[in-house]
Amino acid sequence: MSGTPLPHYEKVSADTPDLSRERIRRFWDPGPKLIRSVRRYQAAQEKGGVVGKLCAKYWVLVHRFWSVVTQTEIHQHMDVAGGLQLPHPTGIIVHQDCKIGPNCMIFQQVTLASAVILEGHVDIGAGAKILGPLTIGKHARIGANAVVTKDVGAYETVAGIPAKVIRTDAPPEATQS
């Protein structure tokens with residue numbers, strides 16, 4: 001089976017954050033720089049003290065700059081696990097009560113409204129609207145322009161308005177009894 005491609009859920013972990021996905025690769029790389037500003041702000045807040053407060057204020061300014069450049073709203077106090085990718089970070093709106101698991105990917109014009117929980121390795125296509133509160137399971141995929149109003153199970157691919165399951169990619173061990 002050397003020529004058989006791996007399913008999408010075997011390529012990326014849903015549990016262990018891969019921080020290399022957030023690495024800044026070039027000078028003008030707004031997605032990773034926006035994520036870095038959130039992470040550094042949170043680290044400065046945890047550090048506390050005078051130095052922590054000054055660093056936090058600096059990262060607030062950096063966050064605002066990249067938020068304006070990308071027209072993206074990701075709150076600095078959000079619970080975001082490592083490995084988040086924003087390949088085209090334009091017009092992304094994420095409610096502050098959302099929780100984003102490890103190694104998720106969010107494309108442009110996505111809205112996560114209310115308390116949406118993204119478990120590990122969730123890929124969200126361009127223009128999708130996820131209207132919570134709801135949970136998106138591990139290794140799930142949301143199609144472009146989908147409107148999700150109900151929970152999405154692990155390994156499911158949903159698309160449409162309203163979103164419906166169009167495919168389930170359960171791992172082999174889940175199908176064996």
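Residues numbered from 1 in each chain as written. Predicted model: local features only at pLDDT ≥ 70, side-chain atom pairs only at ≥ 80, totals over all residues. Heavy atoms only, no water.

(A) Molecular detail of the pairing of strand S14 (residues 164-168). Bridge analysis of strand S13 (residues 156-159) against S14 gives four bridges, and the strand direction is antiparallel. Across the sheet, Glu156 pairs through a bridge with Thr168, a residue of S14. Here S13 folds back onto S14, and the loop between the two strands holds four residues, one of which, Gly160, carries a positive phi near 105°. (Pairing = 2+ DSSP bridges. Helix = DSSP H or I, 4+ residues; strand = E, 2+ residues; numbered from the N terminus.)

(B) Spotlight on the environment of Glu156. If you trace the backbone, Glu156 turns up in strand S13. When the C-alpha atoms of Glu156 and Ile136 are compared, they prove to be 9.1 Å apart, with 20 residues separating the residues in sequence. Residue contacts for Glu156: discarding those within four places in its chain leaves Ala140, Arg141, Val165, Arg167 and Thr168. (Contact = heavy atoms within 4.5 Å.)

(C) Quick peek at the side chain of His121. Looking at where His121 falls in the secondary structure, it is placed in the loop between strand S7 (116-118) and strand S8 (123-124). Assessed through its relative accessible area of 3%, His121 is described here as buried. In terms of polar contacts, His121 uses its side chain to reach the side chain of His139, at 3.0 Å. (Buried < 20%, exposed > 50% of the residue type's maximum accessible area, 1.4 Å probe, protein only. Polar contact = N/O pair within 3.5 Å; in protein donor to acceptor, adjacent residues only side chain to side chain.)

(D) Quick look at helix H3 (residues 49-70). Taking 1.5 Å of rise per residue, 22 residues should cover 32 Å, and H3 covers 31 Å from first to last C-alpha, within 8% of that figure. All of the buried residues along H3 are Gly52, Ala56, Trp59, Val60, Val62, His63, Trp66, Ser67 and Thr70. Buried residues in H3 make contact with helix H2 (30-47) and strand S1 (73-74). Of the residues trailing H3, Gln71 is marked for its positive phi of about 55°. (Expected span 1.5 Å × (residues − 1).)

Read these as layout, nothing more, since geometry by itself doesn't imply function.
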